[in-house]
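# Fold and geometry: a report
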Amino acid sequence: MGEEGTEGTLHLLCLAASSGVPLFCRSSRGGAPARQQLPFSVIGSLNGVHMFGQNLEVQLSSARTEDTTVVWKSFHDSITLIVLSSEEGTSELRLERLLQMVFGAMVLLVGLEELTNIRNVERLKKELRASYRLIDSFLGDSELIGDLTQCVDCVVPPEGSLLQEALSGFAEAAGTAFGSLVVSGRVVAATESWWRLGTPEAVLLPWLVGSLPPQAARDYPVYLPHGSPTVPHRLLTLTLLPGLELCLLCGPRPPLSQLDPQASPFPWSPGSPALMGPASPPWPRPLPGTRP
């Protein structure tokens, strides 16, 4: 399956399970996004051998060649994900968890109904483009390890209780129980309800925020793969400092225009009288640290 010059290459395929029509293909090489695509004949063969096994009531989950590891996984008998890795030492467990994260990202940004009841393949392809940036961040090099541990990446701040109090007050004033502070995809502080979010949204939401380009404020529609896979919520974000964002998970209210970062209770946020000159909170090293 491997080809000359593909060392360290990762290919991710997404297909409609019933028809075998490819929905997207994403690739990375050496931890960076790559334009290299698999030939359609290879994609068809990979999906065909999986479907052949299913027709014989045999579940094909993984295979290895001399230089490539392949993992298949179907979701809700509607979506088939296939990943091929020529990275040395790659385990089937890591690739399987990657596929779980990818499907979670698809549900997060498109919704489960669109994925399990495919009415128009071309429309679904267009909608799935919104998930490419997040999915590509799974395929590349990252210091985050939540995709492997299925736990939230965190930073332990020196003044955690003060941040917690300020965050809880801001979330309550905004009319939501779900709030967090996220720095580079890691949670610094969160409300009690945010910590109770199920997997995978607890891992995916901070990762999503960390993968998006910098923006002063956002009003982002999201589905919760565990808690609300068919009814969208709103993820509101405010940039308090470069790389540090205040996140709120809300319903129809409040409108983003009512959230004023100038009025936030954090002493180092924009407009705060406690902010004297260029300064930033003294973030310690992230926990758990680096990807194994």
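Residues numbered from 1 in each chain as written. Predicted model: local features only at pLDDT ≥ 70, side-chain atom pairs only at ≥ 80, totals over all residues. Heavy atoms only, no water.

Going by the annotation in an unreviewed UniProt entry, the name recorded for the protein chain is Protein fuzzy homolog, with Gulo gulo given as the source organism.

### Points about the overall build of the protein chain
What the protein chain contains, in helices and strands, is nine helices and eleven strands. A burial count over the protein chain gives 48% of its 292 residues as buried. For the protein chain, contacts bridging at least 24 residues in sequence account for 60% of all contacts bridging at least 6. Of the roughly 14,200 Å² that the protein chain leaves accessible, carbon and sulfur atoms contribute 54%. (Helix = DSSP H or I, 4+ residues; strand = E, 2+ residues; numbered from the N terminus. Buried < 20%, exposed > 50% of the residue type's maximum accessible area, 1.4 Å probe, protein only. Contact = heavy atoms within 4.5 Å. Areas by Shrake-Rupley, 256 points an atom, 1.4 Å probe, with all protein chains shown as cover.)

### Focus on helix α2 (residues 92-110)
With 19 residues, α2 extends 27 Å from end C-alpha to end C-alpha; this agrees with the ideal 27 Å at 1.5 Å per step. Just downstream of α2, Gly-111 is the residue with a positive phi angle, here 100 degrees. (Expected span 1.5 Å × (residues − 1).)

### Some points on the sheet that holds strand β4 (residues 62-64)
Taken together, six strands build an open sheet; the order of strands is β3-β2-β1-β6-β5-β4 and the sheet is antiparallel. In the strand order of this sheet, the two ends are held by β3 (32-34) and β4, each with one partner. Mean inter-strand twist for the sheet, computed between neighbouring axes without regard to direction, equals 20 degrees. Where strand β1 (residues 9-16) lies against strand β6 (residues 79-85), seven bridges are found, and the strand directions are antiparallel. Each residue of the ladder has a partner; that of Leu-15, found in β6, is Thr-80. Where helix α1 (residues 40-55) meets the sheet, it contacts β1, β2 (22-29), β5 (69-75) and β6, and its direction lies at approximately 60 degrees from that of β5. (Pairing = 2+ DSSP bridges. Axes fitted to C-alpha atoms, helices over the stretch in contact; angles between N-to-C directions.)

### Description of helix α5 (residues 132-139)
α5 sits mainly inside the fold: six of its eight residues count as buried. The inward-facing, buried residues of α5 contact β1, β2, α2, α4 (121-128) and α9 (201-211).

### Section: the pattern of salt bridges
Scanning the model with the defined rule gives twelve salt bridges in all. A salt bridge links Asp-219 to Arg-234, with the shortest nitrogen-to-oxygen separation between them at 2.7 Å. Of this pair, Asp-219 sits in strand β9 (residues 217-224) while Arg-234 sits in strand β10 (residues 228-241), and the two are 15 residues apart along the sequence. For Asp-219, a relative accessible area of 36% corresponds to the partly exposed category. (Salt bridge = Lys/Arg side-chain N within 4 Å of Asp/Glu carboxyl O.)

### Let's talk about the sheet that holds strand β7 (residues 178-183)
Strand pairing within a sheet occurs via backbone hydrogen bonds; the two strands may be parallel or antiparallel. Spatially, β8-β7-β11-β10-β9 is the arrangement adopted by the five strands of the open sheet, whose pairing is antiparallel. Among the strands making up the open sheet, the edge pair consists of β8 (186-190) and β9. Along the sheet, successive strands turn relative to each other by an average axial angle of 30 degrees, direction set aside. Of the pairings in the sheet, the one linking β10 to strand β11 (residues 244-250) comprises seven bridges and is antiparallel in character. If you follow Thr-239 over to β11, its bridge partner there is Glu-245. Here α2 sits on the sheet in contact with β9 and β10, set at roughly 115 degrees to β9. Running at roughly 75 degrees to β8, helix α7 (residues 160-174) makes contact with β7, β8, β10 and β11 of the sheet.

### Let's talk about the packing of aromatic side chains
In the structure shown here, the tally under the stated rule is three aromatic pairs. Centre to centre, the rings of Phe-24 and Tyr-132 are 5.6 Å apart; their planes meet at 65 degrees, and the pair counts as edge-to-face. Taken together, the residues Phe-24 in strand β2 and Tyr-132 in helix α5 connect sequence positions 108 residues apart. In this pair, the class of Phe-24 matches that of Tyr-132, namely buried. For the ring pair Phe-138 and Trp-207, a centre distance of 5.1 Å and an interplane angle of 80 degrees mean the geometry is edge-to-face. Of this pair, Phe-138 sits in helix α5 while Trp-207 sits in helix α9, placing them 69 residues apart in sequence. Neither residue differs from the other here; Phe-138 and Trp-207 are each classed as buried. (Phe/Tyr/Trp six-rings, centres within 6.5 Å; stacked < 30°, edge-to-face > 60°.)

### A short note on the state of the cysteines
By the definition in use, this model includes zero disulfides. Unpaired in this structure, Cys-154 has its nearest cysteine sulfur neighbour in Cys-151, at a distance of 8.8 Å. On the basis of relative accessibility, which here comes to 22%, the residue Cys-154 falls in the partly exposed class. (Disulfide = S-S within 2.5 Å.)

### Section: the environment of Glu-201
Relative to the helices and strands, Glu-201 is located in helix α9. You can call Glu-201 buried: its relative accessible area is 1%. Separated by 24 residues in the primary sequence, Glu-201 and Pro-225 place their C-alpha atoms 6.2 Å from one another. Beyond its immediate sequence surroundings of up to four residues, Glu-201 is in contact with Pro-206, Leu-224, Pro-225, His-226 and Gly-227.

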